[in-house]
Amino acid sequence: MKKIVVVAVVAVLLLWSGAGVSFTAGSFGDLGNTFRFIAEHWFPMDLSDWRTALNAMIDTLEIAVFSTLAAVLFAFPLSFLAARNWAPYRWLYDSTRFLFNFFRSIPELVLALVFIPTLGLGPIPAVMALIIHNVGVFGKLISETIEATDDGPQDAVKALGGTRLLVAVYGIIPQMVPLVLSQYFYRLEVAIRTTLILGIVGAGGLGQMLYNDFKQFMYQKVTFEVLLIMILVTAVDYLGASIRKRVK
């Protein structure tokens, strides 16, 4: 009976949301026009600006790597205060949780637009926006990972007379490392894609090249830039999988 109710609820939500966006079965028919447009205008690839595009790809990776590393370093110690099973006081738990929710609720594009008048155009507003937003995201993910850790290793450290700090270092953190690494590399992929969007507001990198080439209808150049994005995201995915395998 419960399964029928769940299926019914999902069906109702699907129909309700589909009606809200004016989606119909015929909407898939328009995809053929999109494929034809890509086949006719996006190929063959234009490699004339390949050096500029490669440099832009490196810029995009640098923005994503620096911002996510900085964010996880900020969020990691604060996450213990946002974990229900670790925060020493309820008010500290609630205030840290609120801070993470506040940071996470503001889109990176909005944050970048806030920083541009004072920091100017370029990668710095994008970096600041990504750091703030990702502190909120990592704070939520890591604090929930702390709450889900096994009590056994923690109790063992306590039984040996370990302090609160030692319980965290030897009883909690070793359990967290593989999950935090997985979360980090996923957020790194997201940051790469977000950096492309922030290129619209002058953050540089591949995002700005994409925006400029789209505006000038240079779709064959866009094809090469999209290929570089795919290569970048795939490389990050395989690197993350390799590191997680070694850590385990």
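Residues numbered from 1 in each chain as written. Predicted model: local features only at pLDDT ≥ 70, side-chain atom pairs only at ≥ 80, totals over all residues. Heavy atoms only, no water.

So what about helix α8 (residues 164-198)? Which residues, and what values?
Given a rise of 1.5 Å per residue, 35 residues ought to cover 51 Å, yet the end C-alpha atoms of α8 are separated by just 41 Å, more than 12% below that figure. Where α8 bends most, at I173, the angle is about 50°, and the proline P174 comes one to four residues later. (Helix = DSSP H or I, 4+ residues; strand = E, 2+ residues; numbered from the N terminus. Expected span 1.5 Å × (residues − 1). Bend = angle between axes of the 7 residues up to and from the residue.)

Describe the packing of helix α3 (residues 50-81) against helix α4 (residues 90-105), naming the residues involved and giving the relevant values.
Put simply, α3 and α4 touch, their axes get as near as 8 Å, and they point 140° apart. When the axes of α3 and α4 are compared, the pair comes out oblique. Contacts between α3 and α4 pair A75, L78, S79 and L81 from the former with L92, Y93, T96 and F100 from the latter. Its residues assigned to classes, the contact of α3 with α4 comprises 6 nonpolar, 2 polar and no charged. (Axes fitted to C-alpha atoms, helices over the stretch in contact; angles between N-to-C directions. Parallel < 35°, antiparallel > 145°, perpendicular 65-115°, else oblique. Contact = heavy atoms within 4.5 Å. Nonpolar A, V, L, I, M, F, W, Y, C, P; charged D, E, K, R; others polar.)

Give a description of empty space enclosed by the protein that names residues and reports values.
Taken as a whole and judged by the stated rule, the model has 1 cavity of 30 Å³ or more. Approximately 30 Å³ is the volume attributed to the largest cavity. Around the largest cavity, the lining residues are D46, D49, A53, M209, D213, K221, F224 and E225. Looking at the lining of the largest cavity, the elements with two or more residues in it are α9 (205-215) and α10 (219-247). Among the elements that line the lining of the largest cavity, the one with the most residues is α10, at 3 residues. The residue inventory of the lining of the largest cavity, partitioned by class, reads 3 nonpolar, no polar and 5 charged. (1 Å grid on protein atoms, 1.4 Å probe; cavity = no way out; pocket = protein on both sides within 12 Å on 5 of 7 lines; lining within 4 Å. Points joined across faces, edges and corners; volume = space filled by probe spheres on them.)

Got a sec to walk through the pattern of salt bridges? Specific residues and values, please.
Following the criterion strictly, the structure yields 4 salt bridges and no others. The partner of K221 in a salt bridge is D49, and the shortest N-O contact between them spans 2.8 Å. Taken together, the positions of K221 in helix α10 and D49 in the loop between α2 (31-41) and α3 put the pair 172 residues apart, joining distant regions of the chain. On the basis of relative accessibility, which here comes to 16%, the residue K221 falls in the buried class. Here R90 ties to D94 by a salt bridge, and the two come within 3.1 Å at their closest N and O atoms. (Salt bridge = Lys/Arg side-chain N within 4 Å of Asp/Glu carboxyl O. Buried < 20%, exposed > 50% of the residue type's maximum accessible area, 1.4 Å probe, protein only.)

How would you explain the environment of N55 if you had to name every residue and give the values?
By the element assignment, N55 lies in helix α3. Separated by 42 residues in the primary sequence, N55 and R97 place their C-alpha atoms 39 Å from one another.

Which residues make up the nonpolar core, and what are the values?
Among the nonpolar cores identified, the biggest contains 56 residues, and F80, W86, F138, I142, I146, M176 and L206 are the most heavily contacted of them. Put simply, the parts of the chain that give this core at least two residues each are α3, α5 (108-119), α6 (123-147), α8, α9 and α10. Here this core takes 13 residues from α8, the largest share from any one element. Apart from the residues lying within four places of it in its own chain, the contact partners of L206 are A53, A56, M57, T60, L196, E225, L228 and I229. (Core = buried A, V, L, I, M, F, W, Y, C linked by side-chain atoms within 4.5 Å.)

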